[in-house]
Structures are given as C-alpha cells and as structure tokens.
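Notes for the structure review
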Amino acid sequence: HYNMARKNLRIIFADIMQMIHAIKFFVTSYLCILGCLYSSVSLAQKSHHNSSILFYQLNTASGLTDNYINSMVVDKSGNLWVATGEGLNMFNGKTVVKFFNRDYPQLQNDFIRQVVCDHKNRIWVLTDQGNLAVIDEQRKFHRLGLYHNKQFVFTRWIIQTEANDIILFTKNNPFHSSIPIFTF
C-alpha cells in the first residue's frame, strides 16, 4: 500500500505543479498587461507632447501558427518562443519563425505544451504526448528521450528552479538536469 500511496502522491503533486504553473503564467501575463497599462497611463499623464507606447499583437494574421498559446518564454537574445497546439514559434521582434514536426522531427509532434529557457540559453520543448526536445545554443534541435526498463517515460512538466536547474516531472519520478544525460 505504501508504494501505491507514494505513486498517487507523485501524480497529485505533478498535477498540482501543473496547475500552479498555469496560474503563475496567467497571473504573470495579467500583471505584465497591467504594468504596461499603468506605465502608459502614467506616461500620458506626465507628458504633454506626442509620446506613445506601441503594442504589437501577435496572432495568426501576424504569422503565429495558432492564436491559442500554451506557453511562452524569452531567451537570452530577446527572442520570444511561443508554444501552440499548431507548432513552435519564435518571434525575433520583426518576424515569426515557425518550427513544425515535418521539418524538425525531433519535436515528434506539433502540439507544443511548454517551452522553457535554461541558464545556457537552451530551449526545452515539451509536447502534449510527453516528448521532449532541446534546442541548443546554436539552435540545433535534439530529441531527448527518457526511458525506464526500456519503456518510454511520459514527461508531464518542466520546472526551472531558482538555481536555474531544470527538473522534469514524469509519471514516475522527477529527473534533474544535472544528470549527465542532459549534456550536449
């Protein structure tokens, strides 16, 4: 019974972490929008000449593969990486570059659930089927497969710690990025 309870606790913990991350994403997005609005109102009140803050809307009309965004991250070069159900996107401030499974088979499918940028400026990509890919500093794609007893291990979530380590939460156990398998 102990092993079953432990397994159930891991599943519950992973689900809670997923909900916390989703809430954190929405709160962060809301605070970012609120901050931008506050800044623009504050600037408008302090300034009597024609200064303005520009907002750009990224959507399918401007090049995104889908209007529903699952996750976003900004890399150390300032590129915005956007995970959607229809592929991975990178916005460099001017154009959207699209990444699809047919061109980058390391992605394994086009439903991208999560993107995370680590301290080495690598982009960690998680698909809805629990598959992982890592885009290295030179922007080369790598497939990352986790296996236990020759069985594929489904990754549920990617967490970045305050120490900038990556922890992969799976159905079985968390995997820590300091394990040599994550060295490219």
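Described below are features of the structure shown in this document. Not measured: the values here are computed from a predicted model.

Before going further, it helps to examine the pattern of salt bridges. Taken as a whole and judged by the stated rule, the model has 3 salt bridges. Aspartate 75 is the partner of arginine 139 in a salt bridge, and the nearest nitrogen-oxygen pair spans 3.1 Å. Of this pair, arginine 139 sits in the loop between strand E7 (132–135) and strand E8 (141–144) while aspartate 75 is found in the loop between strand E1 (69–74) and strand E2 (80–84), placing the two residues 64 residues apart along the sequence. Between aspartate 103 and arginine 102 there is a salt bridge, with the nearest N and O atoms lying 4.0 Å from each other.

For glutamine 108, which is not glycine, the phi dihedral falls at a positive 75 degrees. Of note in the backbone geometry, asparagine 121 takes a positive phi value of approximately 70 degrees without being a glycine. Relative to the helices and strands, asparagine 121 is located in the loop between strand E5 (112–117) and strand E6 (123–127). What makes asparagine 121 buried here is its relative accessible area of 12%.

Here the focus is the pairing of strand E3 (residues 87–91). The buried fraction of E3 amounts to 5 of the 5 residues, a majority that puts the element mostly inside the structure. Burial of the side chains of E3 extends over both faces: Gly87, Asn89 and Phe91 are buried on one face and Leu88 and Met90 on the other. Inspection of the sheet shows E2 paired to E3 by 5 bridges, in the antiparallel sense. Bridging across to E3, alanine 83 finds its partner in leucine 88. Counted along the chain from E2 to the antiparallel partner E3, the turn is 2 residues long. In this sheet, strand E4 (residues 96–99) lies alongside E3 in antiparallel orientation, the contact comprising 4 bridges. Bridging across to E4, phenylalanine 91 finds its partner in valine 96.

The rules we used
- Residues numbered from 1 in each chain as written.
- Predicted model: local features only at pLDDT ≥ 70, side-chain atom pairs only at ≥ 80, totals over all residues.
- Heavy atoms only, no water.
- Salt bridge = Lys/Arg side-chain N within 4 Å of Asp/Glu carboxyl O.
- Helix = DSSP H or I, 4+ residues; strand = E, 2+ residues; numbered from the N terminus.
- Buried < 20%, exposed > 50% of the residue type's maximum accessible area, 1.4 Å probe, protein only.
- Pairing = 2+ DSSP bridges.

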